[in-house]
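Fold and geometry: a report
One-letter residues, chain by chain:
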Amino acid sequence: AIEMGGAPEREPPFFFHKPSDAAVDVSAAGAEVPFPTQTGQLAYEAELVLAVGKEGLNVQEGDAASFVWGYGAGCDLTRRDLQAIAKSMRRPWCTSKGFDSSAPVGALVPAERFDMTGKSIAMKVNGEQKQQSELAKMIWNPSEVIVHLSSFYRLMPGDLIFTGTPAGVGTLRPGDLCEVVVDGLPPCAFRLR
């Protein structure tokens, strides 16, 4: 992926899991997310989030859009230092990606009320824009993500799929105010405490 210094060719996407306590609703004004322990390099990644609405396995491309109940703006928080260690040792990224409150998400909007056409995604930290891109530049569109992921795992209602981040990831500190904005969706806004 670009954010990891790679080229954005259409090689097969890769996925990782986060436990259910990673997802945290930050739709209320003044939302706070705890700064995680065991890291000196917490990274942000602005992402479009898909909310799965029905069960499916081996979903066909023509049916894939019907599995998306809704969309949201999200932030994939990563213990980048632990991820680097895991990568160097060829180990899973569990401790770097799957920790408590590592997946803040703004309010979800039903799919029929959101059209990705012409929309963009941006990340601001303390009011300064850090990431920005058009959703049309996603390497894998939502239907392709659903098809590929469902070939490995049974999708279930309530699953949240973070779809990847644009270039420009960076690090966060306690007290930082983070805001992911996707045109047409409520923001994912929170302060790290």
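What comes next is a walk through the structure. All figures in this text were calculated on a predicted structure; none of them were measured in a lab. (Residues numbered from 1 in each chain as written. Predicted model: local features only at pLDDT ≥ 70, side-chain atom pairs only at ≥ 80, totals over all residues. Heavy atoms only, no water.)

Counting residues in hydrophobic clusters, the biggest one holds 40 residues, and the most contacted among them are Ile 146 and Phe 190. Elements supplying a minimum of two residues to this core: strand E3 (42–44), strand E4 (46–52), strand E5 (68–75), strand E9 (120–125), helix H4 (142–150), strand E13 (177–182) and strand E14 (188–192). Ignoring sequence-local partners within four residues, the contact set of Ile 146 consists of Leu 50, Val 59, Ala 64, Phe 67, Val 68, Leu 155 and Ile 161. (Core = buried A, V, L, I, M, F, W, Y, C linked by side-chain atoms within 4.5 Å. Buried < 20%, exposed > 50% of the residue type's maximum accessible area, 1.4 Å probe, protein only. Helix = DSSP H or I, 4+ residues; strand = E, 2+ residues; numbered from the N terminus. Contact = heavy atoms within 4.5 Å.)

A separate point is the pairing of E14. Residues Cys 188, Phe 190 and Leu 192 point to one face of E14 and are all buried, whereas Ala 189 and Arg 191, pointing to the other face, are not buried. Direction of pairing for strand E2 (residues 32–33) relative to E14: parallel, over a ladder of 2 bridges. Residue Glu 32 lies in a different strand from E14, and its bridge partner there is Arg 191. For E13 and E14, the ladder comprises 4 bridges, and the chain directions are antiparallel. Residue pairing in the sheet places Val 180 in a bridge with Cys 188 of E14. As consecutive antiparallel partners, E13 and E14 are separated by 5 residues, and within that stretch Gly 184 has a phi angle of approximately 90°, a positive value. (Pairing = 2+ DSSP bridges.)

This paragraph deals with the packing of aromatic side chains. All chains considered together, the criterion is met by 4 aromatic pairs. Taken together, a centroid distance of 5.8 Å and an interplanar angle of 85° make the contact between Phe 14 and Trp 93 edge-to-face. Placement of the pair is Phe 14 in the segment before strand E1 (23–25) and Trp 93 in the loop between helix H2 (80–88) and helix H3 (94–97), with a sequence separation of 79 residues. Judged by its relative accessible area of 45%, Phe 14 is partly exposed. Measuring from centroid to centroid gives 6.2 Å for Phe 16 and Trp 93, while their planes differ by 45°, and the two rings are tilted. (Phe/Tyr/Trp six-rings, centres within 6.5 Å; stacked < 30°, edge-to-face > 60°.)

What follows covers the sheet that holds E13. Note: strands within a sheet are paired through backbone hydrogen bonds, in either parallel or antiparallel orientation. What the 5 strands build is an open sheet, ordered E2-E14-E13-E9-E10; its pairing is mixed. Across the chains shown, the open sheet's two edge strands, defined by having one partner strand only, are E2 and strand E10 (128–134). Inspection of the sheet shows E9 paired to E13 by 5 bridges, in the antiparallel sense. Across the sheet, the residue bridging to Met 123 is Val 180, located in E13.

Okay, the pattern of salt bridges next. By the definition in use, this model includes 8 salt bridges. Across the pair Lys 130 and Glu 128 runs a salt bridge whose closest N-O atoms are separated by 3.4 Å. A residue is classified by how much of its surface remains accessible, and Glu 128, at 47% relative accessible area, is partly exposed. Through salt bridges that share partners, Lys 18, Glu 45, Asp 76, Arg 80 and Lys 97 make up one connected network. (Salt bridge = Lys/Arg side-chain N within 4 Å of Asp/Glu carboxyl O.)

Our next topic: the pairing of E9. By the criterion of burial, E9 is predominantly enclosed, with 5 of the 6 residues buried. Alignment of E9 against E10, held across 6 bridges, turns out to be antiparallel. When the sheet's bridge partners are listed, Ile 121 is paired in E10 with Ser 133. Hairpin connection, E9 to E10: the antiparallel pair is bridged by 2 residues, and Asn 126 has positive phi, about 55°.

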